[in-house]
Amino acid sequence: ELKRNLVPARTKDAGQVVGLYDTVSGEFFAPRGGALMLDHDDSIALASFCDYDANSGSFTNAVRYCTVVTSETRTFEDGQWYVVADDVEISNGENITVSGSAHLILCDRASLTVANVAMNKAAIGVSARNSLTIYGQENGSGLLTATGGLNGAGIGGGDRGAGGTVTINGGTVT
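Residues numbered from 1 in each chain as written. Predicted model: local features only at pLDDT ≥ 70, side-chain atom pairs only at ≥ 80, totals over all residues. Heavy atoms only, no water.

## Brief notes about the overall build of the protein
Next up, step 1: Looking only at helices and strands, one finds zero helices and 18 strands in the protein.
Next up, step 2: For the protein, buried positions account for 40% of its 174 residues.
Next up, step 3: For the protein, contacts bridging at least 24 residues in sequence account for 53% of all contacts bridging at least 6.
Next up, step 4: With the model as given, the accessible surface of the protein reaches about 8,900 Å², and the carbon-plus-sulfur share is 45%. (Helix = DSSP H or I, 4+ residues; strand = E, 2+ residues; numbered from the N terminus. Buried < 20%, exposed > 50% of the residue type's maximum accessible area, 1.4 Å probe, protein only. Contact = heavy atoms within 4.5 Å. Areas by Shrake-Rupley, 256 points an atom, 1.4 Å probe, with all protein chains shown as cover.)

Listed below in structure tokens is the structure:
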């Protein structure tokens, strides 16, 4: 059994994550072009994706250290990055709530479906003063399907609740 201890490898100024470093083997991993690399317990990933730069009007390749979204995920936290690495379904009255400013990467050939949520609730609740930015990988084949409960948005506010900011930079969102 191959043992790994993957930690984020950052730029010299401790800024952006540029890869994963395996402290056991000394190997460095830097995915590019729509890659996804999971750590030893599949809960943390290094994902590459296409990021849109509004100032230049162009797309660039970026890499982020992310939490893997599962059917147990219920909150996207402020300043955190999340990745949909496989087909994930959240239903039975449950939804996801965004707290602060969160980021979601939809991997190529992966999908997140949030449906059958409680009445008056958004499937992905992004209330006023909160924000969610959604990114796709290189091929843009990641899918997010969000169906709110009666009187609730797919992504945004619930019944009579103001929605926050939702920015879609890639993937397919319905």
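Structure shown, so let's carry the discussion forward.
## Overview of the confidence of the model for the protein
Next up, step 1: Summarising the model, the protein shows a mean pLDDT of 80, and 71% of its residues fall at 70 or more.
Next up, step 2: Per-element confidence in the protein ranges from a low mean pLDDT of 54 for strand β3 (residues 28-29) to a high of 98 for strand β7 (residues 75-76). (pLDDT = per-residue confidence, 0-100.)

## Some details on the nonpolar core
Next up, step 1: Core analysis: the largest hydrophobic core is formed by 31 residues, its most contacted members being F76, L104, L112 and L132.
Next up, step 2: Excluding its chain neighbours within four sequence positions, the residues that come into contact with L112 are V69, V84, V88, I90, I96, L104, L143, L144 and T145. (Core = buried A, V, L, I, M, F, W, Y, C linked by side-chain atoms within 4.5 Å.)

## So, the pattern of salt bridges
Next up, step 1: Tallying each qualifying case throughout the model produces one salt bridge.
Next up, step 2: Among the salt bridges present, the one from R74 reaches E94, with a minimum N-O distance of 3.2 Å. Here R74, found in the loop between β6 (58-68) and β7, pairs with E94, found in the loop between β9 (87-90) and β10 (96-98); they are 20 residues apart in sequence, far enough to count as distant. (Salt bridge = Lys/Arg side-chain N within 4 Å of Asp/Glu carboxyl O.)

## Quick word on the sheet that holds β9
Note on sheets: strands pair through backbone hydrogen bonds, and any given pair is parallel or antiparallel.
Next up, step 1: Ordered in space as β9-β12-β15-β18, the four strands form an open sheet in which the pairing is parallel. Both outer strands of the open sheet, β9 and β18 (172-173), are each paired with one neighbouring strand and no more.
Next up, step 2: As paired strands, β9 and strand β12 (residues 111-114) are joined by four bridges and run parallel to one another. Following the sheet pairing, V88 is matched in β12 by L112. (Pairing = 2+ DSSP bridges.)

## Quick notes on the pairing of strand β14 (residues 131-136)
Next up, step 1: Burial within β14 is extensive, with six of its six residues counted as buried.
Next up, step 2: Of the two faces of β14, the one carrying S131, T133 and Y135 and the one carrying L132, I134 and G136 are both buried.
Next up, step 3: When strand β11 (residues 101-106) meets β14, the two strands line up parallel, connected through six bridges. Following the sheet pairing, L104 is matched in β14 by I134.
Next up, step 4: When β14 meets strand β17 (residues 165-168), the two strands line up parallel, connected through four bridges. When the sheet's bridge partners are listed, L132 is paired in β17 with V166.

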